[in-house]
Amino acid sequence: MKRVVLFLITNLAVMIVLGVVLSILMSVFGISNRSLGGILMISTVFGFGGAFISLFMSKWMAKKSTGAYVIEQPRNEIEHWLMTTVARKLSK
């Protein structure tokens, strides 16, 4: 639940920053600000939609598509070798 709340707050902060940047750029370049709401709505839909899809599905899809699984405790010699190799590479 905490991750979802932080995710929402982060995306709202990004949308506020985007709104400020767009407002500044539109005034600097003399672009009409009537379409600012439309631009923010489109970016909100695509930003939140893509981020939610990525958040909720990417880890699961990556594991399922590759047949991968997380090795918590090695169950055989190959898994033990893999864990020691990764641990050795990470310690360098």
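Check the entry above for the structure.
Residues numbered from 1 in each chain as written. Predicted model: local features only at pLDDT ≥ 70, side-chain atom pairs only at ≥ 80, totals over all residues. Heavy atoms only, no water.

1. Details of the overall build of the protein chain
Let me state the cut-off plainly: Helical segments are the DSSP runs of H or I of at least four residues, strand segments are the runs of E of at least two, and each set is numbered from the N terminus. To sort residues, take the accessible area from a 1.4 Å probe on protein chains only and compare it with the maximum for the residue type: under 20% means buried, over 50% means exposed, and anything in between is partly exposed.
Within the protein chain one finds three helices and zero strands. Starting at the N terminus and ending at the C terminus, the protein chain contains elements arranged as α-α-α. Of all 92 residues assigned to the protein chain, the portion counted as buried reaches 11%.

2. Some points on the environment of E79
To keep things clear, this is the line we draw: Two residues form a contact once any of their heavy atoms are found within 4.5 Å. Under this definition, polar contacts are N or O atom pairs within 3.5 Å; protein pairs additionally need one hydrogen-donor-capable and one acceptor-capable atom, and for neighbouring residues in sequence, both atoms have to be side-chain atoms.
Inspection of the secondary structure assignment puts E79 in helix α3 (residues 77-91). Leaving out residues up to four positions away in the same chain, E79 has contacts with Y69, I71, Q73 and P74. For E79, the side chain forms a polar contact with the side chain of Y69, separated by 2.4 Å.

3. What about the pattern of salt bridges?
Put simply, the test is: Salt bridges are identified by distance alone: a Lys or Arg side-chain nitrogen within 4 Å of an Asp or Glu carboxyl oxygen.
Counted according to the given criterion, the structure contains one salt bridge. Residue R75 is joined to E79 by a salt bridge in which the shortest nitrogen-to-oxygen separation is 3.5 Å. Classification of R75 by relative accessible area gives exposed; the value is 65%.

4. A short note on a positive patch on the surface
The condition is simple: In this scheme, patches are assembled from residues that exceed 30% relative accessible area and form no salt bridge. Like charges are connected within 9 Å, while nonpolar side chains (Val, Leu, Ile, Met, Phe, Trp, Tyr) are connected within 5 Å. Per-residue accessibility takes into account occlusion by the displayed protein chains alone, with areas from the Shrake-Rupley method and a 1.4 Å probe. Charged-residue counts in this description rest on Lys and Arg as positive and Asp and Glu as negative, His and the chain ends being excluded. Every charge is mapped to an atom, namely NZ of Lys, CZ of Arg, CG of Asp or CD of Glu.
A cluster of basic residues, R3, K59, K63 and K64, forms a positive patch on the protein surface. Top element by residues in the positive patch is helix α2 (residues 36-66). It accounts for three residues.

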